[in-house]
Structure formats: structure tokens, C-alpha cells
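Structural characterization, general
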Amino acid sequence: MSTEVLEPPATQVKPASPVEIIKKASRGLRGTLVESLHDPLTGAIREADTQLIKFHGSYMQDDRDLRAEREQQKLEPAYSFMIRTRLPGGVVTPSQWIALSKLARTYGSGTLRLTTRQAFQLHGVIKKDLKTTMQGMNAALIDSIAACGDVNRNVMASANPVESKLHETVHDITLRFTSPQAAMESISAAFMPCIVV
Amino acid sequence: MSGGGVVIQGNFPIPEERRDQLQQLATELNREQLMWLSGYFAGAAAAAPSSIPAFQNNLLGGQARAPLANAAAPAGFAPAAPAPASAAVAGPSLTIISASHTNNGRKISEKLLAAVQALGIQARMVKAGDYQPREIAKEKLLYIVISTHGDGDPPDEARGLYEFLGTKRAPQLPELQYSVLALGDTSYPKFCEAGRVVDERLAKLGAKRLLPRVDCDVDFEKLAKTWSDDALARVREIADKLKPAGGAAFAAASPVAAAPAVAELTRAQPAIAEVLANQRIVGRGALREVRHVELGFPGLGALYKPGDALGIVHRNPDSAIDAVLKAAKLDAAAVVTHEGKTHTLLEWLRDERELTRIARPLLVQVAKQAKVDIAELLGNAPAMARLTATCQVSDVLASYPAEWTPQALVEVLRPVTGRVYSIASSPAAVGDEAHLTVAIVGSDTDRKLLAGAASKFVINTPTDSNVQVWIERNERFRVPADGARDIIMIGPGTGVAPFRGFLQEREATGATGRNWLFYGGRSLYHDFLYQLEWQQALRRKSLHRLDVAFSRDQAQKIYVQQRIRESGKELYNWLANGAYLYVCGDASAMAPDVHAALLDVVREQGGMDADDAQSWVADLTGDGRYLRDVY
């Protein structure tokens with residue numbers, strides 16, 4: 001008895017992109033984020049982790065205006081992080097907005113940016129403050145999970161419940177996602193432990 | 001492919017019977033085997049002492065100048081004694097520098113590298129960000145793949161090399177053969193500008209183009225391939241030409257220029273050095289300014305070793321001179337002869353006299369001249385301390401008005417004592433240069449009153465100007481003679497300066513011992529002195545461990561001594577295994593704190609009581625393995 005091994009024709013297999021390779025090897029999007037965040041010698045995270053951290057709602061950035069100057073100073077670029085919230089339906093309560101505003105003043109550049117996809121962005125958070133800032137968001141029942149990266153994003157639409165019956169329904173649904181229980185569940189979601197170090 | 005047909009001619013230093021063996025070997029072995037052998041002999045030659053002085057010179061020179069020849073011995077070959085990193089290279093060694101933001105440049109470089117290596121030719125590829133610009137002096141064969149960005153700018157990672165080639169410090173490169181592949185975009189006005197500039201700068205330094213530069217647009221593939229093919233062909237021609245020469249490759253190595261004999265420098269007999277660089281090396285948020293200064297003159301490298309300090313003969317600033325002249329009501333043009341020297345008063349005050357620090361004798365002399373009784377002041381220690389900390393000579397002269405003659409003033413003032421700075425470089429790495437790490441006294445907001453005259457002088461000494469310098473030897477503070485020993489370096493702030501030199505020295509001499517650095521500053525973002533260099537050294541594995549403490553980056557202040565305690569176990573193990581321990585920097589707080597931490601570590605890890613720990617550390621000092629340069 002012989003078994004026939006079926007292989008897909010080689011020409012049709014497209015090699016995985018670099019990001020896909022990083023994702024696949026990342027142990028559920030953990031990568032080496034813990035090591036990167038604990039590395040005291042740099043304000044940056046490792047190259048592969050710059051891809052993975054997007055799924056946790058953050059981008060690493062650096063001040064381009066200072067790049068050349070800091071290289072002259074024999075210093076690495078001025079790295080900082082952007083944190084983007086993911087708000088179901090774009091709904092935010094006044095107390096949540098106040099909490100975000102405080103975080104932006106304490107750890108960020110002092111500004112809050114509102115995006116077309118109904119998210120908030122905090123800029124200029126340095127590495128050592130990432131954890132505290134994200135914990136502060138979680139305390140206000142907001143999270144940043146899957147706010148960046150190649151994931152489905154918020155739909156761009158008005159969140160006003162009086163606009164139409166459909167808007168009202170959607171708005172009602174979002175309340176279920178913003179319940180304390182939902183937020184707590186998301187905090188304990190599989191990949192959060194690597195951010196909450 | 002056979003390597004036959006090698007004819008050995010000319011002045012041949014090998015006995016007849018061996019010559020026949022060699023001839024036979026050369027006919028029987030194929031090309032790859034011959035390549036391997038050339039590396040084998042180079043490694044063996046470097047490990048064996050030479051009977052020919054010129055050879056020794058060449059090898060010693062090579063040690064300092066050719067750290068890239070690591071790959072000289074073929075893989076799998078382990079000589080009896082480890083060949084120094086300098087083992088002379090028989091045959092060409094190609095370096096490919098890849099300088100590109102996108103991956104395109106790197107891919108082209110990698111492909112070319114693989115093709116060259118497939119021919120059995122020694123080659124390496126370096127990303128521009130990891131390339132030390134000074135290495136260029138050692139290159140013989142160089143290909144550069146470089147992209148252009150924005151308004152004709154080089155990629156950030158290549159900025160160092162790009163700028164270095166344009167300065168007057170760039171070495172002449174008559175032995176270098178090179179070619180540049182430029183990547184760009186014709187929709188920008190300065191198409192392939194970075195490639196063009198690098199190409200022209202190299203040519204201007206005397207290097208020869210192996211191939212004309214090729215400028216590629218966004219559809220670069222075809223042109224890049226043509227250039228790569230040509231580049232490969234040229235390297236192959238050179239390798240073929242060199243191949244039969246065998247040992248002649250040694251003779252072709254550039255002779256090492258004998259170091260000019262220069263007498264020991266002193267403050268009284270300084271040398272004139274050119275300021276090659278003088279730049280701020282802390283970020284915008286730093287509370288205290290620190291500058292990196294590079295000085296040089298022919299022969300300087302022979303005059304110092306890492307651990308030594310360099311003195312700068314500074315001139316007092318015009319403002320201080322004017323203040324003194326005004327307080328003493330004297331004319332700058334008056335001529336004064338004192339202790340055999342004749343200068344105008346201006347020259348005395350500018351070059352020869354201390355105008356910043358006030359000492360007790362000066363105060364006494366000035367009071368005497370002013371006919372004031374200051375016994376009470378002299379007896380009041382806090383008042384004296386405040387006075388010396390906040391006042392300069394002109395303040396004292398103004399406080400005790402008197403009738404001065406130019407002669408009396410010159411006699412009363414103290415001769416200037418120069419400021420010396422730990423040298424932050426090794427001649428093995430930087431040649432005839434010395435680098436300094438200078439904290440600018442007086443830029444602290446709380447100490448602005450006492451702007452150190454020397455610091456001010458350093459700030460106001462631009463690149464290309466000249467300064468008078470001398471060397472202060474520090475024989476006690478040296479890297480271990482035995483390169484296999486581990487070293488631990490504790491140098492917060494500008495105390496890190498000599499350790500930059502130590503690391504350069506250990507790397508250039510191929511020391512095999514491990515290097516561990518403790519650094520401390522206020523903030524990771526603003527005053528991590530030489531951060532990029534340490535990061536690169538860690539990647540190169542020439543620095544094995546780096547522990548940092550930034551005091552203001554968290555609510556609780558953290559200093560190096562805490563890191564020492566945290567790493568107590570490893571630290572004790574290193575020391576017990578013969579490591580050297582070095583401390584450099586502040587003598588008033590840091591050094592005693594570090595010493596206390598060391599005693600704690602030894603007590604805990606060695607299971608000793610306080611007395612035993614004390615004598616263990618004393619033994620360390622007695623062995624010359626606990627060395628301090630604190631001030």
C-alpha cells in the first residue's frame with residue numbers, strides 16, 4: 001500500500017511577508033515585548049516587537065526633528081510611543097474623557113487627538129511610562145487592544161443614537177462592550193500579560 | 001580548477017628543499033585549498049615572532065590598524081596560539097558598505113557579498129550605522145551602496161561616514177580602490193546626491209575608482225545588476241593578480257611610519273593641538289552641559305595611553321581680565337618682569353595667572369595690600385567657604401580696594417594651574433587624536449556664579465582652532481597587561497571617559513577578557529553619555545555587560561552603587577576570578593558610596609565578617625586590581 005503525498009504546486013505558494021513571519025513566531029503576539037520593555041539601555045523596543053506592539057494599541061515613534069541632532073550627540077533617537085484607544089461605537093463618557101486627558105497631561109505630550117475612526121490617541125509616552133498609562137486607561141474602563149496593526153478597525157460612522165433606528169441599536173450594542181465586565185475580561189485576555197509587566 | 005603553474009621567483013626567504021615542497025603543494029592543490037592555506041600561513045605568521053624587524057613592525061602596526069581581518073584564517077582552523085585579530089591578510093579583502101533606508105540597498109549588497117565569497121575571496125558587508133568612519137583608512141577594496149533621501153540627504157545611518165569624509169580629518173586614501181552604487185529618485189531635484197558626494201569625496205582623498213559610479217532611479221534592478229556584475233568581475237581580476245604573489249602580499253602592506261620622537265609634554269612645554277571636534281553630547285533636556293572634544297597633532301598617539309589625562313592651557317576670558325584690571329585700576333599694556341619672564345599685564349592675566357579660584361594665601365596678601373585686618377574672616381570657616389565658592393579674584397580685589405602696581409598684582413596672584421581631563425580614547429583606535437569628555441562647570445543652574453574659566457574656554461574653542469596641551473601620565477590607571485583578564489569599570493557621568501578609551505584599547509588589541517561597565521546619569525533620554533557607542537559595542541560583543549542607573553527617571557533616586565549591590569553575586573565572582581575593578585569620577589560622594597557597596601558585596605557573597613571583607617578588598621588594592629581615578 002502506498003500513500004500519496006499531495007503537495008500544492010510550488011508556484012502558487014507566496015512566501016510570507018516579514019510581518020507575517022514575525023507574527024507567527026510571536027507566541028500569540030507576545031514576542032519579546034517583556035524583555036524589550038525592561039531593557040534599561042534604550043528607550044526603544046526591539047525591531048520585531050515594533051510590529052507586535054501595534055496589536056496592543058501602540059506605535060513606536062521618534063522625533064524626526066531631533067534625529068540628526070541626537071546622532072551628533074551620540075544619543076539614540078528620541079523614542080516615544082503613541083497609544084490609541086479602541087472605543088466601541090466611538091462612545092466615551094465624560095469621566096473617561098477626563099481620565100484620558102489627565103493621562104495625556106501626565107505621561108503624554110499634553111494633547112489628545114481624536115481620529116476619524118473615533119479613537120483617541122496619546123502621543124509622546126516614553127517607554128517606562130507605557131505600562132502606567134495603559135493601566136490608567138484600563139482603570140477608566142478603556143483599552144487599546146487591537147487598536148493598531150492589521151486588524152479590523154472601528155467603522156467610520158456617527159455614534160449619535162437619535163440619528164436613526166439603526167444608530168440607536170448600534171449604540172445600545174456598544175453599551176454591552178463598555179460594561180465593566182467586558183473591560184475586565186479584555187484586560188485578562190491572552191496577550192495582555194505581556195504589556196502589563 | 002588547479003592552482004598549478006605557480007612559479008616562485010626572486011628573493012625567496014625559504015630554504016631550497018622547502019621550496020620544492022611548496023612548489024609541489026601549489027601544483028596539487030585546487031584554488032579553494034590554496035586560499036585556505038594562505039589564511040593558515042597568515043595566522044601562523046602572526047602568532048610566531050619574526051626575526052625580521054620590518055616584519056615585526058608591520059605586524060604590530062597591523063594590530064592597531066586592521067581589526068577587520070578576523071576572517072583571515074579559514075573557518076575550522078584553530079592555530080596553536082590564537083592569532084591576533086590582526087593576522088595579515090594574504091589576498092584582497094573587500095568591504096561592502098550598505099547605506100540605505102529601504103531594504104533595496106541591503107539586498108543588492110548581500111547578493112554581491114555572496115557572489116564574492118563564492119569565489120573564495122574574503123569579504124564582509126557592514127551596515128553604515130555599524131561602520132566606524134575611521135576604519136576607512138584600512139580599506140583597500142570598498143564598494144558602497146548608498147541611497148539619497150529628501151533634499152539630497154544621505155540615510156541617517158550613513159551620516160557619520162558621509163560627514164567624516166568631508167572633513168579635513170578624513171585620511172588620504174591612495175591605496176583604496178572603490179566604487180559607488182547610488183540609489184535615488186529622479187523626481188527629486190538632487191537625484192542620487194548622497195552617492196555623488198561620497199564618490200567625489202573618496203576620489204578627492206586619493207582613492208581610485210574601480211568602476212564609474214552608477215546612479216539608479218526607482219527602477220533600479222537592471223542598472224544595479226550591471227554594476228554588481230562589473231563589481232564582481234573587478235574584484236576577481238584583482239584576486240587573480242594577487243594570487244601568484246603569495247608572500248608578496250606582506251611586502252605590499254603599507255609600512256608603518258615611525259612615530260616622530262617628541263619630548264614629554266608638560267604644562268610649561270605644551271604642544272599645539274588642533275581642535276577636530278567640539279560638540280555637545282547631551283540632549284536638550286540635560287541640566288548640565290557635557291561636550292565631546294577631539295584634539296590632534298602628528299605624533300600625539302605615541303604620547304599617551306588610555307588612563308592618562310590631558311591638560312589644556314586655557315586663556316582667561318576677557319570678561320574676567322577686564323574685571324580684574326578695573327578693580328585694581330591698572331593698564332593692560334603695562335610691562336611686568338617676574339621670575340625671568342616679561343609680558344604685558346594683559347598677557348600675565350590672560351595666560352599666566354589664576355583668576356577664578358581664590359585661596360587663603362591670596363586673600364591674606366590682598367588684605368595686606370589693602371591694609372585691612374581679616375583675622376576675623378579667616379577664623380570663620382563657613383564664611384570662608386562661602387567666599388571661595390562664590391567669588392572670583394576680581395570680587396576680592398573689589399572688596400578690598402588698594403593701590404596696586406602691575407608688579408605687585410602679578411606677584412600676588414597665583415600662577416595658573418591647568419585643568420586636566422581624563423582622556424576618552426585609545427591611540428590604538430583613533431591614532432594621533434585624543435578625545436575628552438568635558439562637563440561644563442557653571443552650566444548648573446545652582447552654580448552659575450562660578451563659571452569655570454577652563455570650561456568656558458572649552459566652550460569657546462571652536463573646531464579648527466588651536467589649543468596648547470600637555471599630558472599627565474597616570475601609570476596606575478591602566479588596562480591589565482594581560483588581555484585575558486576581565487575588567488569591571490564604574491564610571492558615572494564624565495567618569496566614564498577613561499573607560500571609552502579602555503574599551504577602544506581592549507578591542508583594538510584583541511583582548512579576550514570580558515568588559516563590564518557601570519554607568520550612571522540623571523536621565524536615559526538626556527545624559528546617557530556615548531549611548532550609541534555602548535549599544536554598538538554590545539552588539540559587537542566587545543562590551544559584555546552594561547548596567548545603568550538614572551537617578552531622575554523614577555521617584556526614588558538610583559545610583560550606580562545600587563546596581564553594584566544588585567549584581568553582587570556576579571561582581572564577586574568576576575573579582576574572585578581575577579577581574580580588575582576600576583572606579584572613575586566624583587571623589588566626594590560617588591567613590592565612598594561605591595566603596596561601601598563593594599565592601600557589602602564582598603561581605604555577603606564571600607560569607608565574611610566586616611573585618612575580613614575589609615582585608616579582602618585591601619588585598620585587591622594591594623594586587624593592583626582595585627584602581628581609582630577620582631577627583
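Structure shown above.
Throughout what follows, the structure given in this document is the object of discussion. (Residues numbered from 1 in each chain as written. Chains lettered and ligands numbered in written order. Predicted model: local features only at pLDDT ≥ 70, side-chain atom pairs only at ≥ 80, totals over all residues. Heavy atoms only, no water.)

Focus: empty space enclosed by the protein
All names here are of chain B. Note the cut-off: Here a cavity denotes a set of grid points, spaced 1 Å apart and computed over the protein atoms alone, in which a 1.4 Å probe fits but from which it cannot get out, and a pocket denotes an open set meeting protein on both sides within 12 Å along at least five of seven lines; residues with an atom within 4 Å of a point are reported as lining. Grid points are joined across faces, edges and corners, and a volume is the space filled by probe spheres set on the points. A run of H or I in DSSP becomes a helix once it reaches four residues, and a run of E becomes a strand once it reaches two; helices and strands are each numbered from the N terminus. In this classification, Asp, Glu, Lys and Arg are treated as charged, Ala, Val, Leu, Ile, Met, Phe, Trp, Tyr, Cys and Pro as nonpolar, and every other residue, Gly included, as polar.
Counted according to the given criterion, the structure contains three cavities of 30 Å³ or more. Considered as a void within the structure, the largest cavity measures approximately 50 Å³ in volume. Every residue along the wall of the largest cavity is listed here: Val275, Asn278, Val293, Leu295, Ile312, Phe457, Val458, Thr461 and Val467. Residue assignment for the lining of the largest cavity shows that the elements contributing at least two residues are β7 (271–280), β8 (290–296) and α17 (453–459). Of the residues contributing to the lining of the largest cavity, the split by class is seven nonpolar, two polar and no charged. The computed volume of the second largest cavity comes to approximately 40 Å³. Around the second largest cavity, the lining residues are Ile97, Ala99, Ile144, Ile146, Ala158, Leu161, Tyr162 and Val198. At the level of elements, β1 (93–99), β3 (141–147) and α5 (159–166) are the ones that each hand at least two residues to the lining of the second largest cavity. A class-by-class count of the residues in the lining of the second largest cavity yields eight nonpolar, no polar and no charged.

A short note on the sheet that holds strand β18 (residues 580–585) of chain B
All names here are of chain B. Here is the rule: Strands are treated as partners if at least two bridges between them are detected by DSSP. The angle between two axes is taken between their N-to-C directions and runs from 0 to 180 degrees, where each axis is a line fitted to C-alpha atoms and a helix contributes only its stretch in contact.
The parallel open sheet is built from five strands, whose spatial order is β17-β16-β15-β18-β19. In the strand order of this sheet, the two ends are held by β17 (545–550) and β19 (626–630), each with one partner. Strand-to-strand twist across the sheet, computed as the mean angle between neighbouring axes with direction ignored, equals 10°. Where strand β15 (residues 487–490) meets β18, four bridges bridge the pair, whose relative direction is parallel. Bridging from a neighbouring strand, isoleucine 487 pairs with tyrosine 580 of β18.

Here's the deal with the side chain of Asp199(B)
What counts, and what does not: Whether two residues are in contact is decided by their heavy atoms: any pair within 4.5 Å suffices.
On the secondary structure map, Asp199(B) appears in helix α6 (residues 193–204). What Asp199(B) contacts, discounting residues up to four positions off in sequence, is Tyr178(B), Val180(B), Arg209(B) and Arg213(B).

Points about the packing of helix α22 (residues 590–605) of chain B against helix α23 (residues 610–622) of chain B
Residue and element names in this part refer to chain B. Worth spelling out the cut-off: For a crossing to be left-handed, the near helix must be turned anticlockwise from the far one by less than a right angle; the clockwise case is right-handed.
The contact between α22 and α23 brings their axes to 9 Å, and the two run at 115°. By crossing handedness, the relation of α22 to α23 is classed as right-handed. Mapping the contact onto sequence places His595, Leu598, Leu599, Val602 and Arg603 in α22 and Ala610, Ala613, Gln614, Trp616 and Val617 in α23. Partitioned by chemical class, the residues of the contact of α22 with α23 number seven nonpolar, two polar and one charged.

Comments concerning the sheet that holds strand β13 (residues 433–439) of chain B
All names here are of chain B. In space, the six strands of this open sheet follow the order β12-β9-β14-β7-β8-β13, with antiparallel pairing throughout. Since the sheet does not close on itself, it has two edges, and those belong to β12 (419–422) and β13, each with one partner. Looking at each pair of strands side by side, their axes are set apart by 40° on average, direction ignored. Pairing of β7 with β8, which is carried by six bridges, proceeds in the antiparallel orientation. By the bridge assignment, glutamine 279 is partnered in β8 with histidine 292.

Here we look at the pattern of salt bridges
Residue and element names in this part refer to chain B. Note the threshold: By definition, a salt bridge exists where a carboxyl oxygen of Asp or Glu is found within 4 Å of a side-chain nitrogen of Lys or Arg. The cut-offs for exposure are 20% and 50% of the maximum accessible area for each residue type, with area from a 1.4 Å probe on protein chains only; residues under the lower value are buried, those over the upper are exposed, and the others partly exposed.
According to the stated counting rule, one finds 39 salt bridges over all chains in the structure shown. Across the pair arginine 545 and glutamate 570 runs a salt bridge whose closest N-O atoms are separated by 3.5 Å. Note that arginine 545 is positioned in strand β17 and glutamate 570 in helix α21 (residues 568–576), a separation of 25 residues in sequence. With a relative accessible area of 23%, arginine 545 lands in the partly exposed category. Look at glutamate 570 and you get partly exposed, because its relative accessible area is 34%. Here the residues in one salt-bridge network are Asp199, Arg209, Arg213 and Asp215, joined through shared partners.

Here's the deal with the interface of chain A and chain B
The test is simple: When two parts are put together, the accessible area they lose, computed with a 1.4 Å probe and summed over both, is reported as buried area. Any pair of N or O atoms that falls within 3.5 Å is considered a polar contact. Within protein, one atom must be able to donate a hydrogen and the other to accept it, and sequence-neighbouring residues count only if both atoms are side-chain atoms.
Counting residues at the interface gives 19 residues for chain A and 25 residues for chain B. Contact between chain A and chain B buries roughly 2,000 Å² in total, counting both sides, with carbon and sulfur atoms accounting for 50%. Looking only at chain A, the three residues that lose the most surface to chain B are Leu41(A), Gln73(A) and Lys74(A), adding up to 35% of its buried area. Inspection of the region where chain A meets chain B yields two salt bridges. Glu533(B) is the partner of Lys74(A) in a salt bridge, and the nearest nitrogen-oxygen pair spans 3.7 Å. The tally of links from chain A across to chain B stands at 13 residue pairs in polar contact (both at pLDDT 80 or more). Contributions of two or more residues to the side of chain A that touches chain B are made by α4 (67–72) and α6 (127–139) of chain A. Per element, the largest residue contribution to the side of chain A that touches chain B is six residues, and it comes from α4(A). In terms of residue class, the side of chain A that touches chain B is built from seven nonpolar, four polar and eight charged.

Focus on the packing of helix α18 (residues 497–508) of chain B against helix α19 (residues 531–540) of chain B
All names here are of chain B. Note the following rule: Working definition: roughly parallel below 35 degrees, roughly antiparallel above 145 degrees, roughly perpendicular at 65 to 115 degrees, and oblique for all remaining angles.
Between α18 and α19, the least distance of the axes is 12 Å, while the angle of their chain directions is 30°. As far as their axial angle goes, α19 and α18 are roughly parallel. Between α18 and α19 the crossing geometry is left-handed. Contacts between α18 and α19 involve Phe499, Arg500, Leu503 and Glu507 from the first element and Glu533, Trp534, Ala537 and Arg540 from the second.

Any functional reading would require information that these geometric values do not contain.
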